Each structure stands twice: as structure tokens, then as C-alpha cells.
Amino acid sequence: MSDFNDPFSPRAHRGRGAASNPEGRFETLRRQAEDDGWQSALLDDAAPRPRTEVSEERARSVITRNDSPDIHFSQAMNPYRGCEHGCIYCFARPSHSYLNLSPGLDFETKLRAKGNLAEVLRHELSRPGYRVEPINIGSNTDPYQPIEKRWRLTRAALELLAGCGHPCTIVTKNALVERDLDLLAPMAEANLVQVFVSVNSLDNHLAAKLEPRASAPHRRIKAIRALAAAGVPVGVLVAPIIPALNDRDMEAVLEQAADAGASCAGYTVVRLPYELKTLFREWLALHAPDRAAHVMSLVQQMNGGRDYDSDFRTRMRGQGVFADLLKRRFEVACRRHGFGRARDLQLDTTRFVPPRPSSPQGQLF
């Protein structure tokens, strides 16, 4: 277990989303904290803040495939495991349990970088019989999270995709995407890329607690403007919508995104699989105690009475009266601003030329 656990109760950590570091569901060790009589306040004052640690991982494959009926891409790639953004609602948190790490603080502080990503991607794209379909970058963890500034794995992947004419889509909530406009703009001219920027609130105070290390909402709107000005097709994702917490900003987000040049929009509701249920309840108790019960009541109404319902037909949009209201509000706002559907843009798959395998001897022709 991490040294960041509070021995007695969950507490807020500055710059982090999770309030605790519970065991992952696959861990074989369980630890129980006991009060030995010392004042916890003294221990808390002396405790160091959780620091980000990144270890390199040698990936055997980097392209994952899915056939989920509610996900509109068949191929995806994630340069990093874990995400420094620390979004408390992130549905990817439970995936850290597969690494024998906690979905709590470990997910946002103990990160894995796939250092050989470009090399493995080149190998997979050059395989005989490879079928070209757009690759989504950032389906699980954000490809432009802060550690990308140093590791530059997302940029390396884009350089390879651009070089062989392979289409891709990108999902991010970090303005660092602007760094790669020199790659994205030419790809957009060839109809090879579409970017989606996630903005679920315009309240900086709320965002600083929900998404402590992501770009501020107004900065993401500015990134949408920069992408659109460069000719890159860009959409806005109001995701996730958390009832009685950020749903009030839906129309305002769509309005500002449209003004910035976004051409399409989408939304999802909050999902709380596995350990995420407990982590999210802890966050509500610390940061929104006056409405925690109301938020969870509405979440359960959208999930058939449970904290989470994994049914493909409803998990992204929810069910029931409140979910229907969100859907109507979203549709009205999209019509007002002329948004298309995210899936309407068809990227070009005919330009792909398999990359040549890397060789220490180079290429004669």
C-alpha cells in the first residue's frame, strides 16, 4: 500500500482528487489502521504530499480493440496507465487494480509510461492483413496529462500516424494538445484527425476539486478555439455530467464551445464501477457534504436504483426521469448552436501506407 493513506479517515490532498488509497479488488494483502494514541493532527501536519512517480513499461501491444455497442470506435491506444489529472469521477480508476495498485491516490500518483509505444505501434501497423480503422487516443487515460510534457509519447504516436496516413481521434481535457498543432493541422487537411475536448463545467472552483490537475475550463475553451482556427475538426464532450453538481452548466458549456468553433458535441453521465463508488462518495463527503445524499440519490435514479448499472443500453446516458431531462436539454442546446453528431465526420482510411519496419541497416529504396 502507499504511504499516503490517512490512518484514521479520508482527507483532502491538495492537488489530488482521491481522498484515500484503498486496496484494489485484486490485491492479496489487506491492511487495517489502528489509532496508537498519537494525535492524528500531528501526523497529518508532518505527512508529505503525494508526489507523482512515473515508471517505464515495455508494452507488448498498444492497440486495443472493442466491440461495445455504445462505443463508437473499434480501436484505441493509451500511452499511459493512470492519470495525473486526478479526476475523481474517472471510470478508468479501477483499471489500476490490475497492476496491484490502488484506484485511489495510486491511480494519480503511480503512473506507467509505455516507453516503447511508437516502436510497438509501428510493428502492429505493418503487420500483413492489418485493417485500417481510426484509432482513438485517450479512451482510458488522458494522452495529454502533465507527464506528456516530458515523455512525449502521444506526440511520437502522432508523428508515426501522420507519416503513414493513418486516421485517429483524440480525447483530452488538457490544453497541451495545442503543442501538436504542427502535426494536427496537416492531418486535418488530409481528413485524418478529429479532436474532442472534454469540458463538464465552467466553475473553476469546482473543477479544481473534481479535476485537480487538468487544464482549467476556460483554458480548454481556448484550446477549442485554437484547434478550430488551425482547421482541426474539434468537438466538445460535456462529460461526465454529475446530477446536482455540474449539470447546471451544460447549456453554457455548449454555448461557449460553439462560439469557440466546436462543430459537434456529445455527453455522458457519471459512471461509478467497482471501487469508484467508494472513492466518489468519499469525495462528496469532503467537498459537497450538503448535497452528497441528493447527488447519490439522483445517480441511483439514473442507474435503476444502484450506484452503477453496466448495461450497454443505458450506462452512458442513464435511465429514468432525470436522464430523460438531460437528454432533452442536450438536444435542444445542440439544435440551437447547430452542432452535428460526433460520429458524423468520416475520417479517410484510404491514405494509409503501412510503415516500414525499423531496421538498423536502414532502407535501400
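Residues numbered from 1 in each chain as written. Predicted model: local features only at pLDDT ≥ 70, side-chain atom pairs only at ≥ 80, totals over all residues. Heavy atoms only, no water.

Draft legend 1. Inspection of helix α9 (residues 250-260) at higher detail. Every buried residue of α9 is accounted for by Met250, Val253, Leu254, Ala257 and Ala260. The buried residues of α9 occupy an angular sector of 125° when the element is viewed end-on, so they sit on one face. The inward-facing, buried residues of α9 contact α8 (217-229), β9 (234-241), β10 (264-269) and α12 (321-337). Of the residues trailing α9, Gly261 is marked for its positive phi of about 115°. (Buried < 20%, exposed > 50% of the residue type's maximum accessible area, 1.4 Å probe, protein only. Helix = DSSP H or I, 4+ residues; strand = E, 2+ residues; numbered from the N terminus. Arc of directions from axis to C-beta. Contact = heavy atoms within 4.5 Å.)

Draft legend 2. How the structure looks around the environment of Phe73. Mapped onto the elements, Phe73 comes out in the loop between β2 (64-65) and β3 (75-77). According to the relative accessible area criterion, Phe73 is partly exposed, its value standing at 25%. If we ignore the near neighbours within four places in the chain, the residues touching Phe73 are Asn66, Asn136 and Ser139.

Draft legend 3. Quick peek at the pairing of β9. With 8 of 8 residues buried, β9 lies mostly within the body of the structure. One ladder, built from 5 bridges, connects β9 with β10; its direction is parallel. Bridge pairing in β10 places Val236 opposite Ala265. (Pairing = 2+ DSSP bridges.)

Draft legend 4. Just the state of the cysteines, in detail. Counted according to the given criterion, the structure contains 0 disulfides. Free cysteine Cys264: the closest other cysteine sulfur is in Cys334, separated by 9.2 Å. The buried category is assigned to Cys264, whose relative accessible area is 3%. (Disulfide = S-S within 2.5 Å.)

Draft legend 5. The arrangement of the packing of aromatic side chains in detail. In the structure shown here, the tally under the stated rule is 3 aromatic pairs. Between the aromatic rings of Tyr130 and Phe352, the centroid separation amounts to 5.7 Å while the plane-to-plane angle is 55°, which identifies the pairing as tilted. A residue pair is termed long-range when its members are at least 10 positions apart, and Tyr130 in the loop between α3 (117-125) and β6 (135-137) and Phe352 in the segment after β11 (340-341) qualify at 222 residues. Comparing Tyr130 with Phe352 shows no difference in burial state: the two are buried. Between Phe280 and Trp283, the ring centres sit 6.3 Å apart and the planes meet at 10°, which makes this aromatic pair stacked. Taken together, the residues span about one helical turn, with Phe280 and Trp283 both in helix α10 (residues 276-287) at a distance of 3 residues. We classify Trp283 as buried; its relative accessible area is 2%. Residue placement shows Arg271 over the ring face of Phe91; its charged tip is 4.4 Å from the ring centre. (Phe/Tyr/Trp six-rings, centres within 6.5 Å; stacked < 30°, edge-to-face > 60°. Lys NZ or Arg CZ within 6 Å of the ring centre and 35° of its normal.)

Functional significance is not addressed by these values, which are geometric in nature.
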